[in-house]
Each structure stands twice: as structure tokens, then as C-alpha cells.
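The primary structure of each chain is shown beneath.
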Amino acid sequence: MTFLDDAALERLRCAADAPDLSGTKYAITRELARGGMGTVYEAWDAELERAVALKVVTVPEAIPEGVARLHREARTLAHLEHPGIVPVHDIGRLPDGRFYYAMKLVRGARLDELVATAPRAELLRIFGRVCDAIAFAHAHGVVHRDIKPANIMVAGFGEVLVVDWGLATEKQSPVDGRQSSTPNPASEPSSEIAARADDDTRLATADIRPVTGHGAILGTPGFMAPEQSSGGIVAVDARADVFALGALLQWMLGASGRAAPRANALAAIAGQAMRADPAARYQSVTALAADVEAFLDKRPVSAYPERALERARRVVTKYRAPIVLVLAYLVMRLVLLLVMRERR
């Protein structure tokens, strides 16, 4: 009897799992990632002559949950047209019956691969871009539910994208269960735009339609809010993403391995986002992002009451250049006065 080694078994498994792309415009280049319900491949679109990412359901057709989840994920992405969210190009079924969708191929690195080398200010700017994408999703009735370092991609030209929306939930509208299309901001009065800036706050108490059965615990330990990890999916709302973003910020501070000026303020921001009680957290991603932006601008943050000495240190740090110039001017004036007095 001949036994196959692990490498041979892996090749056989990949061959058996490989999707049947005959009759389609796609040809697989390589496998990129594999999950419980789907596998992502780099593929070549012969019709448009471009590389794409092809996500194919891997569970048997007899189990419809994986097909339904992938279909919902594709539909969710199709409704979210934002620079920080990967766009969907195509959707359909393969000759072997498996469901697939094609999306933009992101070439870059995951956040967990960059955190050890990127400057702290750059990490916080990346965090702000993530917040922007998630706030956009909340404004359109979608909660991500699986924000973590491995689901954040930084592309070659600095693009920051939030990926893997397979666990997302959608706010159900009275008409068809989907958010209506968003009006063109250019045609809205500035007062209406300002009113919509807090949409993700209102989503925090909105009716959320889960994509999985009640009681299922789906997400990533360490980044799940208590209400999510308990399995109470109906209670999960936009504030669960606020918790996950706070956990992401806390992870960034620890994983970077570098001491940070005003670290207490950053820790306080993460701590408020991660409060066990959703009502005690930032009530929107916009509010969380505003505190991080204030930190970067060396302004006070709402989550951290400064002591007098800390306030003075922050002001000196922020206005260091003009303070140095003024001090240099005063010193020069003093020197000139002393020289003139000596000459008399």
C-alpha cells in the first residue's frame, strides 16, 4: 500500500475543491484565502483583461446557509460604494452549481502585518480611514460585526479598505428590507448634510435584521462586544462596531510596541469605546473618530479630562515652533539690552 504525504494530500484537496470555471470569463491564478464558508481566489477576467478576487462558496450545495450568506455579503458590498470598501464587479453561479462573486483585487498588506513598522501617527490615520468606511456603512444601515486587524487592508498607494463583510447585518426598511438610496449630497442644503452626519447614532437604536440565526456567536474573540459574544444577535447594533474599533485601537497601541506621548488620552478613547454597556460607549463611530482626530491635532479629547500640567504640556507640544521663535526673540532682545548696557 502506498501512503501519500501531506503535500500530496493538500494538492489533492485543492484539486477537489477547485471551482469549475468552464464556460465563464474567469481563470484561477492562485488561492488567496480560505474560510469556513468560502474561498477567495485571484482570477483573471478574460473579457475585461484584469485581475479580480473571486469568492466561491465551499460548502456543499445541500447546505444553503453558506450560499445565502455569500449572496448577502455580495449584495451588502454592492450597496456600499465607498473608497474604503471593496466594490463588487459580478455575481453568479458556476457550472458546478456553486455561488460566486467577483470583486476588486486589493494588492497590499493587512494591518497586522504593518503595525510593528508603521509610525504611530500613520496608524492613527489608518484608523481614521477605517472609521470613515464603517461610519459610511452605518449611515446606509449596515453593521460590519467583524472588525479586526486581518480585515483591514492597506494597498500600495495608501488606500485603506475594510474587507470581509460576511457577518454584516442590515437595517430593515419598511418597504423591502433595504436602505433606500442616499440622495446626492451636492443637491442637499448644508443643514441637511449636517443632520445626516449623525446617521450612525440613530442606527444604534434601529431595527437590525441578522444574517444568521438567533443565538449564533459569530465574530472574533477580543474584538466582539459583550452583547455580540453572548449570542444575543438581535441586540447587536452599530455600537458593537464602536466596541470593535475601540478594541482595534487598543490592539494598535499594544502591538506597535512603542511608548506614545499622551498615551493616557489614547487609552481613554479606546476604553470609552469598549465600555460593557453600549449606552456608555461613544454613540457613533463619528464621535469616536472625532476624538482620535482631536488627539492627532493635539486638541483635548472628550474621553480624557486633562490635568493642568498635561494641558500645558499638550499646548507647548502643539505650538512648539512659535513658542521657540518667541523665546529666541526674547533671548536676543535680552542679549542686545545687556550689550547696550555694557557699552554705556
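Being a predicted model, the structure only gives us computed values, none of them experimental. (Residues numbered from 1 in each chain as written. Predicted model: local features only at pLDDT ≥ 70, side-chain atom pairs only at ≥ 80, totals over all residues. Heavy atoms only, no water.)

The number of helices and strands found in the chain is 12 helices and 11 strands. When burial is assessed residue by residue, the chain has 40% of its 344 residues classed as buried. Counted over contacts in the chain with a minimum sequence separation of 6, partners at least 24 positions apart contribute 60%. (Helix = DSSP H or I, 4+ residues; strand = E, 2+ residues; numbered from the N terminus. Buried < 20%, exposed > 50% of the residue type's maximum accessible area, 1.4 Å probe, protein only. Contact = heavy atoms within 4.5 Å.)

What follows covers the sheet that holds strand β2 (residues 38-45). The antiparallel open sheet is built from five strands, whose spatial order is β1-β2-β3-β5-β4. This sheet does not close on itself; its edge strands, each paired only once, are β1 (26-34) and β4 (88-93). Along the sheet, successive strands turn relative to each other by an average axial angle of 25°, direction set aside. The strands touched by helix α2 (residues 64-79) within the sheet are β3 (50-57), β4 and β5 (99-104), with β5 carrying the most contacts at an inclination of about 30°. (Pairing = 2+ DSSP bridges. Axes fitted to C-alpha atoms, helices over the stretch in contact; angles between N-to-C directions.)

Here the focus is the nonpolar core. A general trend in soluble globular proteins is that nonpolar side chains are found buried together. One finds Phe127, Trp165, Leu245, Leu248 and Ile269 to be the most contacted residues of the largest nonpolar core, which totals 63 residues. Among the elements that take part in this core, helix α4 (residues 120-139) stands out by supplying 10 residues, more than any other. Ala43, Val52, Leu54 and Val56 belong to the second-largest nonpolar core, a separate cluster that totals 10 residues. (Core = buried A, V, L, I, M, F, W, Y, C linked by side-chain atoms within 4.5 Å.)

A word on the confidence of the model for the chain. Atom-level detail of predicted coordinates should not be read off regions where pLDDT is low. Overall, the prediction assigns the chain a mean pLDDT of 79, with 73% of residues at 70 or greater. Predicted confidence for residues 172-215 stays below pLDDT 50, and this span has 79 contacts to residues more than four positions away or in other chains. (pLDDT = per-residue confidence, 0-100.)

Bringing the layout of surface pockets into the picture now. For the largest pocket, the calculated volume is near 990 Å³. Surrounding the largest pocket, 40 residues form its lining, Ala33, Val40, Asn151, Val163 and Asp164 being those nearest its centre. When contributions to the lining of the largest pocket are tallied by element, the ones reaching two or more residues are β1, β2, β3, α2, β5 and β6 (108-110). Class assignment for the residues of the lining of the largest pocket results in 19 nonpolar, eight polar and 13 charged. (1 Å grid on protein atoms, 1.4 Å probe; cavity = no way out; pocket = protein on both sides within 12 Å on 5 of 7 lines; lining within 4 Å. Points joined across faces, edges and corners; volume = space filled by probe spheres on them. Nonpolar A, V, L, I, M, F, W, Y, C, P; charged D, E, K, R; others polar.)

Attention shifts here to the pairing of strand β8 (residues 152-155). Side-chain alternation along β8 places Ile152 and Val154 on one buried face and Met153 and Ala155 on a second face that is also buried. As judged from the three bridges shared by β6 and β8, these two strands associate in the antiparallel manner. Bridge assignment links Arg110 to a residue of β8, and that residue is Met153. The sheet contact formed by β8 and strand β9 (residues 160-162) spans three bridges and is antiparallel. Note on β9: the bridge partner recorded for Ile152 is Val162.

Taking 1.5 Å as the rise per residue, α2 with 16 residues should run 22 Å; its terminal C-alpha atoms sit 23 Å apart, in good agreement. For α2, the full list of buried residues reads Gly66, Val67, Arg69, Leu70, Glu73, Ala74, Thr76 and Leu77. (Expected span 1.5 Å × (residues − 1).)

How two helices pack is summed up by the angle between their axes together with the distance between the axes. Look at helix α9 (residues 263-273) against helix α10 (residues 285-296): their axes get within 10 Å of each other, and the N-to-C directions meet at 180°. On the basis of the axis angle, α9 is roughly antiparallel to α10. The residues of α10 that touch α9, namely those facing Ala265, Leu266, Ile269 and Ala273, are Leu288, Asp291, Val292 and Phe295. Partitioning the contact of α9 with α10 into residue classes produces seven nonpolar, no polar and one charged. (Parallel < 35°, antiparallel > 145°, perpendicular 65-115°, else oblique.)

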